Amino acid sequence: MSKPTVPELTQSPAWRALAAHRTRVAHGSISELFADDPDRVAHFSLEAAGLYVDYSKNLVTAETLELLCALARDMGVEERRRAMFAGERINTTENRPVLHVALRERSAMPIPVDGKDVVPEVSAVLEKMRRFTDAVREGTWRGYTGRAITDVVNIGIGGSDLGPRMVCEALKPYAHEALTMHFVSNVDGADIAEVLRSVDPETTLFVVASKTFTTRETLVNAQTARAWLLASGAPETAVAKHFVAVSTHAEAVAAFGIDTDNMFEFWDWVGGRYSLWSAIGLPIALAIGMDGFEAMLGGAHAMDRHFFEAPLAHNLPVLLALIGIWHINFFGATSHLIAPYDRYLHRLPAYLQQLDMESNGKSVTLEGERVDYATGPVIWGEPGTNGQHAFFQLLHQGTALIPADFIVCMQPHHALDAHHEILLANCFAQSEALMNGSPAANEPHRNFDGNRPTNTICLDKLDPASLGALLALYEHKVFVQGTIWNINSFDQWGVELGKRLAVTIEGEVAQPGSELAHDGSTNGLIGRFRERRKQPAASANHRVN
Ligand code: F6P
């Protein structure tokens, strides 16, 4: 793919115009913008793919958005969007196309990778997932003693964990009642030990999920699970009934001892953090059924079409990305709060941390030059109203500017209407308070400056389609920001160094006599671990799993 020439970001005319514009608007306030234009919300809100987004509570005017859209055009957002959907190799450091959108392409439109249409392969895997998940859910796929599966344990980490885990939580009201989903990700033995204590080897299915099938944590956990099954008295042949794999790497799956008939394939053009739409979503399909899984793909596809077709100024992912750029690059925001006012979305902030921070936590451009502007923010959050009683103090009166996304669902999954009214009242009150503030000249500790920006994203109901659309909205937002920052949002070289060093240290802690050649601190920590790991625990009554 030949990369179109884009200007250096901070030298682009739109960037300069935005810098000048910032000095003008910074004197004003969001509440003044509402006073000037009572119809403001109609001009600064948008509905697409079933989501309604109110972005009026930001310090942006029509001119701000025009300039931001000009910046997006200058930086080639439209061209790069076209290139992504066309399957060009926009992940340049790994020389790969980026085609999670192909996983939710619901028409028969061909999507070629290296001249070969990938849509038939995608459909074949979806079909295989349907046969398998139907069999497990209907109780015809049985454990080695003939009992139906009651528990599914997904073993995977990062993109092979966070997406399925978050969606299974989010869509619990749609889940099969006789199947309990568990997720083991951490190499911390406590993670798998706690799960294994709660399940029965005869009725448990393990899904070993790893794009590369080389991830240390996942392979160690999978070995432990296998050993546990066999130690329970199950014969070797039971492994085929109790283990399936999801991977791009058939040989590694076979080498681990899982029959490749029990493997669900995906492809290297699906990034780990963009993979929940692929067979990595198997736990989702097991929990809510294949129809539900396909409804989620449909919701994401509706957002893909909107993102692909809508002009920049009326394009939800683009607008959220641009408002984010405005805060990060022109107001110095370094973090972004995700506050779902919905308990079922409690894992969404963790999922978005990987999506956003692993994608845009970069400091070199596509040309390999160090950037001279800020890139991806810290993403964090907790569901409301809990967050209100913990960290919202800092949002209201702290010194940092922290833009926030509030996410609400108009209809709950329970009949406790009074609770839902209180919940949504709190959400709306928080964004109102953050924007308007409340002056208290004589009591500085009671003063609220206000002028703190928020978006409110509204779903009618949290269901597979609306969740799919919400996740695709964030994926494309991250893509647009990465494009403007001229970084590669699709690699993750920053995770490699720590992995490599851990392998060395792992050998050293296993061999107590070996020489240590790290810095003083690291040598000291390894030495302390070697020395003290076998000492009697201070608390005698702890459980040993
Ligand atoms: O270490 C980071 C990472 O490569 C993520 O990008 C990925 O989602 C995760 O590890 C798990 O990788 P895999 O699916 O290959 O086990």
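For the structure itself, consult the block above.
Residues numbered from 1 in each chain as written. Predicted model: local features only at pLDDT ≥ 70, side-chain atom pairs only at ≥ 80, totals over all residues. Heavy atoms only, no water.

**Q** Could you give an account of the pairing of strand S8 (residues 243–247), naming the residues involved and the relevant values?
**A** Counting buried residues in S8 gives five out of five residues, a clear majority hidden from the surface. Here S8 shows no split at all, with Phe243, Ala245 and Ser247 on one side and Val244 and Val246 on the other all buried. The sheet contact formed by strand S7 (residues 204–209) and S8 spans four bridges and is parallel. The residue bridging Ala209 from the neighbouring strand is Val246, located in S8. Bridge count between S8 and strand S9 (residues 263–265): three bridges; the pairing is parallel. For Val246, the partnering residue across the bridge sits in S9 and is Phe264. Of the crossover connections in this fold, the one passing from S8 over helix H11 (residues 250–256) to the parallel S9 is right-handed. (Buried < 20%, exposed > 50% of the residue type's maximum accessible area, 1.4 Å probe, protein only. Helix = DSSP H or I, 4+ residues; strand = E, 2+ residues; numbered from the N terminus. Pairing = 2+ DSSP bridges. Right-handed = clockwise from strand over helix to strand, strands pointing away.)

**Q** Go over the sheet that holds strand S5 (residues 151–155), please, and point to the residues and values.
**A** The sheet built from five strands is open, its strands ordered S6-S5-S7-S8-S9 with parallel pairing. Strands at the two margins of the open sheet, each flanked by one partner only, are strand S6 (180–184) and S9. For this sheet the average axis-to-axis angle between neighbouring strands, irrespective of direction, equals 20 degrees. Pairing of S5 with S6 involves five bridges; the strand directions are parallel. Paired with Asp151 across the bridge in S6 is Thr180. (Axes fitted to C-alpha atoms, helices over the stretch in contact; angles between N-to-C directions.)

**Q** Go over the layout of surface pockets, please, and point to the residues and values.
**A** It is a probe the size of a water molecule, rolled over the atoms, that shows where empty space is left. Roughly 1200 Å³ of internal volume is contained in the largest pocket. Lining the largest pocket are 43 residues; nearest its centre among them are Thr212, Thr215, Gln492, Val495 and Lys499. For the lining of the largest pocket, the secondary-structure elements that each account for two or more residues are helix H7 (162–170), helix H9 (216–231), helix H15 (348–360) and helix H19 (496–510). The class makeup of the residues in the lining of the largest pocket is 14 nonpolar, 16 polar and 13 charged. Reported here for the second largest pocket is a volume of approximately 370 Å³. Along the walls of the second largest pocket sit 18 residues, with Tyr341, Asp342, Arg343, His414 and Leu423 positioned nearest its centre. Examining the composition of the lining of the second largest pocket, we find that four residues originate from one element, helix H17 (residues 417–436), more than from any other. The class makeup of the residues in the lining of the second largest pocket is eight nonpolar, eight polar and two charged. (1 Å grid on protein atoms, 1.4 Å probe; cavity = no way out; pocket = protein on both sides within 12 Å on 5 of 7 lines; lining within 4 Å. Points joined across faces, edges and corners; volume = space filled by probe spheres on them. Nonpolar A, V, L, I, M, F, W, Y, C, P; charged D, E, K, R; others polar.)

**Q** Go over the nonpolar core, please, and point to the residues and values.
**A** Met129, Trp269, Leu348, Leu470 and Ile484 are the most contacted members of the largest nonpolar core, which has 122 residues in total. In terms of residue count, the dominant contributor to this core is helix H18 (residues 464–485) (12 residues). Once residues within four sequence positions are removed from consideration, Ile484 is found in contact with Leu9, Leu71, Ala72, Met75, Val77, Leu322 and Ile325. (Core = buried A, V, L, I, M, F, W, Y, C linked by side-chain atoms within 4.5 Å. Contact = heavy atoms within 4.5 Å.)

**Q** Which residues make up the side chain of Gln430, and what values go with them?
**A** Looking at where Gln430 falls in the secondary structure, it is placed in helix H17. Engagement of the side chain of Gln430 in a polar contact is seen with the side chain of His396, the distance being 2.7 Å. Once residues lying within four places of it in the same chain are set aside, the contact partners of Gln430 are Tyr341, Gln388, Phe392, His396 and Phe406. (Polar contact = N/O pair within 3.5 Å; in protein donor to acceptor, adjacent residues only side chain to side chain.)

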